[in-house]
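# Descriptive analysis of the structure
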Amino acid sequence: MRIRFTKMQGAGNDFVVLDETTALLGLSAAQYRWLADRHFGVGADQILSVRAAPGPGVDFEYVIHNADGGEVEQCGNGARCFVRYVRERGLTDKRRVRVQVRHGVIELVEQADGRVTVDMGAPVFELPRIPFDPAGITPVPAGADAAHLWQWWPLDLGRSAATAVAEPASDAIVNVAVLSMGNPHAVQLVADVEAAPVARHGALIESHPAFPKRVNAGFMQILDRAAVRLRVYERGVGETLACGTGACAAVVAGVRLGLLDSRVDVHTRGGVLSIEWAGGERDPVFMTGPATTVFEGETEIPELS
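Below is a short write-up of the structure. None of the values given here were measured: they were computed from a predicted structure. (Residues numbered from 1 in each chain as written. Predicted model: local features only at pLDDT ≥ 70, side-chain atom pairs only at ≥ 80, totals over all residues. Heavy atoms only, no water.)

We now examine the pairing of strand 6 (residues 96-101). Along strand 6, the buried face is formed by Val-97, Val-99 and Val-101; none of Arg-96, Arg-98 and Gln-100, which line the opposite face, is buried. Pairing geometry for strand 4 (residues 60-66) and strand 6, over two bridges, is parallel. Among the inter-strand pairings, Phe-60 is bridged to a residue of strand 6, identified as Val-99. In this sheet, strand 7 (residues 104-110) lies alongside strand 6 in antiparallel orientation, the contact comprising six bridges. Within the sheet, the bridge partner assigned to Val-99 lies in strand 7 and is Ile-106. Where strand 6 folds back onto strand 7 in an antiparallel hairpin, the turn is made up of two residues. (Buried < 20%, exposed > 50% of the residue type's maximum accessible area, 1.4 Å probe, protein only. Helix = DSSP H or I, 4+ residues; strand = E, 2+ residues; numbered from the N terminus. Pairing = 2+ DSSP bridges.)

Here's what the structure looks like:
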């Protein structure tokens, strides 16, 4: 099968974007993996599919597949590229579009300066909805506002499905804040994000049995109340240069813990994302950042099942 694609990136998080507004391509998980492969395919962190609106009240459907071929619920950096794509391709002339994602609707706005703001919706803290299974884990109280009833969750990394051998006792337990931004996140505080064991601990956290659908692992260093540095080990991908939902989750965690103000610049290896959250459980999280088209092309996808 020969298809057209567009390569895009948002803060270094890169994507292959497919236009499926007139007909679905019907790709298999193996074919999504091939497209994402940086040696044999096009190369990307995620594959984004632009599809026709599934019903009234939305402009498009937005479907995301990770580099491992699995479909996921949300991708914030991809959402910014999504609105840039549909406008550049002439699929809409709106600056504000509403798109259906796996578990809801998000709103995307292209700003006059070319950056894109995404209404990511309200964060989710209810453990079954994240989803997070706390069985066998004793929480540690956290947060400046006791009314939030928020907690650190100590994870024994020796229990992870990613290894049969426990980590050394000195770093076998890590405290994480858990929440969902349409996809699950586990955020921890680190003193120096560049020295953090992102590859080693990220894989162990991702596959920890407390997360039945796996999880994105965030490593956040607080610079001041309005700025953090962040690295994220993404579920099904590994570490990426930036993670939009991860930036949102990190800021929500910091605000919830009383460590950050309502507007924060998140410095990732791929660029800066601006995150705003008023702090209420029903308040939406807003993310603003760049979205860039890199190139367009055609490729022959092999028959893979």
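The discussion continues.
Ranked by internal contacts, the top residues of the largest apolar core, which has 57 residues, are Tyr-62, Leu-108 and Ile-275. No other element matches the eight residues that helix 4 (residues 244-256) contributes to this core. The contacts of Tyr-62, once residues within four sequence positions are left out, are Leu-48, Ser-49, Gln-74, Cys-75, Gly-78, Ala-79, Phe-82, Val-99, Gln-100, Val-101 and Ile-106. (Core = buried A, V, L, I, M, F, W, Y, C linked by side-chain atoms within 4.5 Å. Contact = heavy atoms within 4.5 Å.)

On the secondary structure map, Val-109 appears in strand 7. Spatially, the C-alpha atom of Val-109 lies 6.6 Å from that of Val-97, the residues being twelve residues apart in sequence. The contact partners of Val-109, leaving out residues within four places of it in the chain, are Arg-95, Arg-96, Arg-115, Val-116 and Thr-117.

With that settled, consider helix 2 (residues 76-88). For helix 2, built from 13 residues, the straight-helix expectation of 18 Å at 1.5 Å per residue is met to within 8% by its first-to-last C-alpha distance of 19 Å. Helix 2 sits mainly inside the fold: eleven of its 13 residues count as buried. Listed as buried for helix 2 are Gly-76, Asn-77, Gly-78, Ala-79, Arg-80, Cys-81, Phe-82, Val-83, Arg-84, Tyr-85 and Val-86. (Expected span 1.5 Å × (residues − 1).)

What follows is about the side chain of Arg-51. In this structure, Arg-51 sits in strand 3 (residues 46-52). Given the relative accessible area of 16%, Arg-51 is considered buried. Here Glu-20 takes part through its side chain, which lies 3.2 Å from a polar atom of the side chain of Arg-51. (Polar contact = N/O pair within 3.5 Å; in protein donor to acceptor, adjacent residues only side chain to side chain.)

Centre distance and the angle of the planes are the two values used to describe a pair of aromatic rings. On inspection of all chains with the given rule, the structure shows six aromatic pairs. Between the aromatic rings of Tyr-62 and Phe-82, the centroid separation amounts to 5.0 Å while the plane-to-plane angle is 55°, which identifies the pairing as tilted. Of this pair, Tyr-62 sits in strand 4 while Phe-82 sits in helix 2; the two residues are 20 residues apart in sequence, bridging distant segments of the chain. By relative accessible area, Tyr-62 is classed as buried at 2%. (Phe/Tyr/Trp six-rings, centres within 6.5 Å; stacked < 30°, edge-to-face > 60°.)

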